[in-house]
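Survey of secondary and tertiary structure
Chain by chain, the residues run as shown.
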Amino acid sequence: MSVKVTQPRAGEPPLTVVEPAHRLLDLDLRALWQYRELLYFLIWRDVKVRYKQTAIGFTWVIIQPLVTMVIFTVIFGNFANIPSDGLPYPIFSFTALLPWSYFAQALGQSGRSLVGNAGLISKVYFPRLVIPLVAVSSPLVDFAVSFLVLLGMMVWFSVTPTWGVLLLPVFLLLAALTAFAVGLWLSALNVRYRDVSQLMPFLVQVWMYASPVIYPVSTIPEKWRLLYSLNPMVGVIEGFRWALLGKSSPDFTVMAVGSAIVLLLLAGGLVYFKRVESSFADVI
Amino acid sequence: MSQTVIRVENLSKQYVLGALRHDTLRDQLAAGMRRLAGRGTASPDQNRIWALQDVSFAVDQGEIIGVIGRNGSGKSTLLKILARITRPTRGRATIRGQVGSLLEVGTGFHAELTGRENIYLNGAILGMSRQETQRKFDEIVAFAEVEKFIDTPVKRYSSGMYLRLAFAVAAHLESEILLVDEVLAVGDAAFQKKCLGKMGSIVDEGRTILFVSHNMTAIQGLCSRAIWLDLGQMLEDGPTQQVVSNYLRSNASGTHAEQTWDDFASAPGSDEVRLHRVAARPRDGQPQDAITVLDPVVLEFEYWNQQPGLHLNLSLFVHNEQGIMVFNTAPLHEPVWHGRPFPVGLFRSVCHIPGSLLNDGTYRVTLLVVKDQAIVLSRHADILTFEVQDSSAARGAWHGQWPGVVRPLLEWETELRATLSGAPVERDSSTTARS
Ligand SMILES: Nc1ncnc2c1ncn2[C@@H]1O[C@H](COP(=O)(O)OP(=O)(O)OP(=O)(O)O)[C@@H](O)[C@H]1O
Ligand SMILES: [Mg+2]
């Protein structure tokens with residue numbers, strides 16, 4: 001925003017200048033760093049409230065992906081006979097559902113995050129980026145819980161992970177960045193245009209069919225692969241399957257293309273978000 | 001030596017009013033299409049208002065400044081700009097020191113979380129570090145008087161407890177500059193008193209405060225200097241007493257403290273009786289003068305009687321801001337004309353309301369013209385409005401809203417009946433006091 005906070009020399013109070021002029025992009029990472037405790041407390045609030053509100057809180061987080069997996073296995077694995085690269089369909093789909101559920105949740109929450117925190121935004125100052133950051137961070141707790149379920153399934157189906165498991169955090173980060181980048185756009189647009197939030201469930205659904213959640217990448221014809229890999233979640237899900245199940249060897253160009261797309265989306269999202277953020281409090 | 005900590009230069013803020021903003025993407029796209037097709041206006045005449053216009057002032061360290069003005073005059077907008085919540089359209093503000101803003105109590109409170117959890121959360125939202133909150137924790141809980149409920153979700157709190165807790169967190173902010181917007185109007189009288197006391201002690205610590213309030217007594221009690229905003233512009237910046245009394249005078253003239261109808265035919269009333277003039281004034285002043293809680297108030301009514309021999313009386317209903325009817329009165333004991341037939345002519349009836357009876361606030365008077373003590377000839381709703389202002393002479397150290405529909409000055413007596421040793425007390429050691 002148009003605000004300059006000059007860090008004081010020792011013992012002097014900070015000097016803040018508020019004025020209308022704006023630069024193209026000033027991320028103001030120092031302000032974000034100063035407000036890291038707020039970030040932490042807001043994540044903590046989201047998690048606490050989520051696990052407090054539902055009577056079966058914790059169990060619910062486990063049951064949801066499990067039920068989805070069972071449904072997928074029955075419908076797609078059995079009736080539709082969708083191939084699963086020679087893996088048991090339940091674990092094949094659950095490995096994809098893990099990053100996918102996280103992504104869907106993070107995207108939905110971040111898209112709605114600014115409007116959902118309208119009270120905060122119109123009454124207190126803090127770097128607005130905190131809000132979508134919180135939204136993509138708090139679903140990580142659900143992710144961790146379902147991850148334990150996956151570990152149990154791997155023991156059950158006697159699947160041994162590869163060394164690629166060490167790269168899992170990288171794939172998770174890619175999923176988080178994708179959700180964050182798209183979330184930046186959606187949340188900022190949603191402040192202005194309230195119908196954006198109605199579009200979001202539709203977007204998530206279409207996106208799922210465009211990602212290899214219920215089917216393997218191998219079903220996509222070779223000539224469409226490059227276009228297909230423009231979807232960053234393709235790389236993420238492939239990465240998860242490779243790291244945990246070790247069957248299909250990953251296509252690293254897919255991941256590189258996906259990452260490049262994410263970076264583009266992220267840069268654009270940051271510029272757009274920063275450009276409109278000073279009017280959030282006025283419009284919201 | 002005091003240093004300037006806030007400098008505001010030609011600060012202006014323009015808002016686009018809601019109705020013409022494109023609120024859905026669909027509308028926006030449709031409008032874009034129309035524009036492409038060359039139809040519709042290129043940029044619709046947007047409804048813009050200046051919420052703040054060329055406001056400039058400077059605040060020295062340790063000053064406590066009251067910001068007053070009518071609803072929509074730009075007070076909150078000013079604080080929001082200084083708090084960096086929104087940015088100005090023009091002009092700039094320079095602030096030296098850490099700013100804490102208190103534009104609302106309980107921002108970010110979550111009903112499902114306990115009192116303890118909310119204290120930490122709200123502290124972080126207001127910009128306190130965790131250690132700071134930890135250090136102040138016991139003090140906050142004690143101030144809010146919620147020790148027993150600290151581990152209960154705040155959704156189980158009474159609304160008073162909730163507000164007390166919310167204010168308590170904010171009151172323990174340690175920033176050098178505090179921006180406070182109308183947040184003292186919370187809780188019961190006892191708690192308001194406590195809040196004002198807390199504000200007072202913050203002032204004593206030498207911190208700088210910008211304090212927005214509609215409570216003139218609190219402004220007068222706390223601030224030495226006041227800024228008066230009207231329609232986004234600064235009308236006056238000076239010593240509190242002067243600014244406040246100018247502001248109150250301008251408000252009083254905005255209401256119908258006096259109305260006159262010179263044209264008989266169009267004057268309100270019935271065929272029998274038409275009004276000529278109505279006015280409310282302090283007994284020793286003019287209709288545009290301010291009325292304080294101590295002043296006797298005079299309500300005057302002049303009216304033409306057109307029909308000879310009518311048995312007339314007026315009847316007044318006086319309502320306060322909350323819509324409560326404070327009293328109804330009629331001149332049934334008026335010594336000269338009551339019960340006598342009225343000849344044709346211009347009459348004047350005056351109602352005297354004693355001083356120290358009405359509480360401060362705005363009163364609306366409804367007038368009924370009654371024939372034979374039974375038939376209403378005409379009814380004039382809210383024909384007069386007058387404002388009774390608080391007076392610092394009328395109260396002690398207490399700055400909050402004085403509760404009650406009326407505020408009579410009553411006779412009190414206190415006497416010492418016995419000493420601790422049980423020895424009888426002589427009769428003349430009793431004291432009488434008026435409160
Ligand atoms: N976000 C906004 N969008 C459009 N107009 C706004 C917005 N916020 C405030 N305004 C307008 O700006 C003007 C000043 O509002 P502001 O809230 O500063 O008044 P105020 O002095 O605080 O009033 P009050 O005493 O009622 O609190 C008002 O006319 C209001 O309608
Ligand atoms: Mg306001």
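This structure is a prediction, so every number in the text was calculated from the model and none was measured. (Residues numbered from 1 in each chain as written. Chains lettered and ligands numbered in written order. Predicted model: local features only at pLDDT ≥ 70, side-chain atom pairs only at ≥ 80, totals over all residues. Heavy atoms only, no water.)

**Here we look at the sheet that holds strand S18 (residues 375–389) of chain B**
Taken in spatial order, the 5 strands line up as S12-S18-S17-S14-S15 (chain B) in an open sheet, and their pairing is mixed. Each end of this open sheet is capped by a strand with a single partner; those strands are strand S12 (291–292) and strand S15 (325–329) of chain B. (Pairing = 2+ DSSP bridges. Helix = DSSP H or I, 4+ residues; strand = E, 2+ residues; numbered from the N terminus.)

**Here's the deal with the pattern of salt bridges**
Evaluated as defined, the whole model comprises 26 salt bridges over all chains. Taking the shortest distance from any N to any O, the salt bridge between A:Arg225 and A:Glu222 comes out at 3.5 Å. Exposure remark for A:Glu222: the relative accessible area of 62% places this residue in the exposed category. In this structure, B:Lys136 engages B:Glu174 in a salt bridge whose closest nitrogen and oxygen atoms are separated by 3.0 Å. Of this pair, B:Lys136 sits in helix H4 (residues 130–144) while B:Glu174 is found in the loop between helix H5 (159–171) and strand S6 (177–181), placing the two residues 38 residues apart along the sequence. Residue classification places B:Lys136 among the buried residues on the basis of a relative accessible area of 10%. Residue B:Glu174 is classed as partly exposed on the basis of its relative accessible area, which comes to 39%. Within the structure, one salt-bridge network assembled from shared partners comprises B:Glu258, B:Arg277, B:Arg281, B:Glu300, B:Glu302 and B:Arg348. (Salt bridge = Lys/Arg side-chain N within 4 Å of Asp/Glu carboxyl O. Buried < 20%, exposed > 50% of the residue type's maximum accessible area, 1.4 Å probe, protein only.)

**Side note on the packing of aromatic side chains**
Working definition: an aromatic ring pair is given by the centre-to-centre distance plus the angle between the planes. Scanning the entire structure with this criterion turns up 25 aromatic pairs over all chains. Between A:Phe171 and A:Trp242, the aromatic rings sit 6.3 Å apart at their centres with planes inclined by 80 degrees, giving edge-to-face as the arrangement. With A:Phe171 in helix H8 (residues 168–192) and A:Trp242 in helix H11 (residues 232–245), this residue pair connects regions lying 71 residues apart in the sequence. Both residues of the pair, A:Phe171 and A:Trp242, belong to the buried class. Centroid distance B:Trp337 to B:Phe342: 5.5 Å. Interplanar angle 55 degrees. Geometry classified as tilted. Taking the relative accessible area as the measure of exposure, B:Phe342 reaches 5% and is therefore buried. By way of ring pairs, the aromatic residues A:Tyr40, A:Phe41, A:Trp44, B:Tyr120 and B:Phe137 are connected into one cluster. Here the basic side chain of B:Arg84 rests over the ring of A:Tyr125, its NZ or CZ set 4.0 Å away from the ring centre. Taking NZ or CZ as reference, B:Arg340 lies 4.6 Å from the ring centre of B:Trp337, over its face. (Phe/Tyr/Trp six-rings, centres within 6.5 Å; stacked < 30°, edge-to-face > 60°. Lys NZ or Arg CZ within 6 Å of the ring centre and 35° of its normal.)

**Here we look at the sheet that holds S6(B)**
Adjacent strands of a sheet form backbone hydrogen bonds with each other and so pair up, either parallel or antiparallel. All names here are of chain B. Strand order in the open sheet formed by 6 strands is S5-S6-S7-S3-S8-S9, and the pairing between neighbours is mixed. Because the sheet does not close on itself, it has two edges, and the strands there are strand S5 (99–102) and strand S9 (233–239). If you compare each strand with its neighbour and ignore which way they point, the axes differ by 15 degrees on average. Relative to strand S8 (residues 225–230), strand S3 (residues 64–68) runs parallel, the two being bridged by 4 bridges. Across the sheet, Ile68 pairs through a bridge with Trp228, a residue of S8. Its contacts with the sheet put helix H2 (residues 75–82) on S3, S5, S6, strand S7 (208–212) and S8, and the angle it makes with S6 is roughly 150 degrees. (Axes fitted to C-alpha atoms, helices over the stretch in contact; angles between N-to-C directions. Contact = heavy atoms within 4.5 Å.)

**Things to note about the site of ligand 1**
The environment of ligand 1 is formed by 15 residues, the closest being A:Asp282, B:Gly72, B:Lys75, B:Ser76 and B:Thr77. More than one chain approaches ligand 1, the contributing ones being chains A and B. At a separation of 2.9 Å, an oxygen atom of ligand 1 approaches a polar backbone atom of B:Gly74. Against a free-state accessible area of 640 Å², the protein chains account for coverage of 69% of ligand 1. Of all the secondary-structure elements, those providing two or more residues to the shell around ligand 1 are strand S1 (4–16), strand S2 (48–60) and H2 of chain B. Counting residues per element, the shell around ligand 1 draws most heavily on H2(B), which supplies 3 residues. Its residues assigned to classes, the shell around ligand 1 comprises 5 nonpolar, 7 polar and 3 charged. (Near = heavy atom within 4 Å. Polar contact = N/O pair within 3.5 Å; in protein donor to acceptor, adjacent residues only side chain to side chain. Areas by Shrake-Rupley, 256 points an atom, 1.4 Å probe, with all protein chains shown as cover. Nonpolar A, V, L, I, M, F, W, Y, C, P; charged D, E, K, R; others polar.)

**Thoughts on the environment of B:Ile219**
Residues and elements named next belong to chain B. Along the chain, the position of Ile219 falls in helix H7 (residues 216–222). Overall, Ile219 belongs to the buried group, its relative accessible area being 0%. For Ile219 and Gln241, which are 22 residues apart along the polypeptide, the C-alpha to C-alpha distance reads 9.3 Å. In this view, Ile219 contacts Gly66, Val67, Ile68, Phe211, Ser213, Thr240 and Val244; residues no more than four positions away in its chain are not counted.

**Brief notes about the state of the cysteines**
Residue and element names in this part refer to chain B. In total, this model carries 0 disulfides over all chains according to the counting rule given. The thiol of Cys223 is not disulfide-bonded; the next cysteine sulfur, from Cys195, is found 15 Å away. What makes Cys223 buried here is its relative accessible area of 5%. (Disulfide = S-S within 2.5 Å.)

**A few points about the interface of chain B and chain A**
Facing the 47 residues of chain B at the interface are 42 residues of chain A. Summed over both sides, the interface of chain B with chain A buries roughly 4000 Å², with 59% coming from carbon and sulfur. Sorting the residues of chain B by area buried against chain A places B:Arg84, B:Ile85 and B:Arg87 first, and these three jointly supply 20% of that buried surface. Our count for the chain B to chain A interface comes out at 2 salt bridges. Of the charged contacts, one joins B:Glu117 and A:Lys48 as a salt bridge, the two residues approaching to 3.0 Å between their closest N and O atoms. Counting across the interface, chain B meets chain A through 7 residue pairs in polar contact (both at pLDDT 80 or more). Those elements that place two or more of their residues in the side of chain B that touches chain A are S1, helix H1 (25–36), H2, strand S4 (90–96), helix H3 (115–125) and H4 of chain B. In terms of residue count, S4(B) provides more of the side of chain B that touches chain A than any other element does, 7 residues in total. When grouped by side-chain class, the residues that make up the side of chain B that touches chain A number 16 nonpolar, 16 polar and 15 charged. Here 4 bridges tie strand S2 (residues 15–18) of chain A to S4(B), and the two strands are oriented antiparallel to one another. For A:Leu15, the partnering residue across the bridge sits in S4(B) and is B:Arg96. (Buried area = accessible area lost by both parts, 1.4 Å probe.)

**Let's talk about the side chain of B:Glu302**
All names here are of chain B. If you trace the backbone, Glu302 turns up in strand S13 (residues 297–305). Take Glu302: its relative accessible area is 14%, and that puts it in the buried class. Aside from chain neighbours lying at most four places away, what touches Glu302 is Leu275, His276, Arg277, Leu346, Phe347 and Arg348.

**A closer look at the confidence of the model for chain A**
Per-chain confidence: chain A averages 85 in pLDDT, with 90% of residues scoring 70 or above. Helix H6 (residues 130–137) of chain A holds the highest mean pLDDT among the elements of chain A, 96, whereas strand S1 (residues 3–6) of chain A holds the lowest, 55. (pLDDT = per-residue confidence, 0-100.)

**Considering the side chain of A:Asn231**
Residues and elements named next belong to chain A. Note that Asn231 resides in the loop between helix H10 (225–228) and H11. Looking at Asn231, the relative accessible area reads 10%, which means it is buried. A distance of 2.8 Å separates polar atoms of two side chains, one belonging to Asn231 and the other to Trp207.

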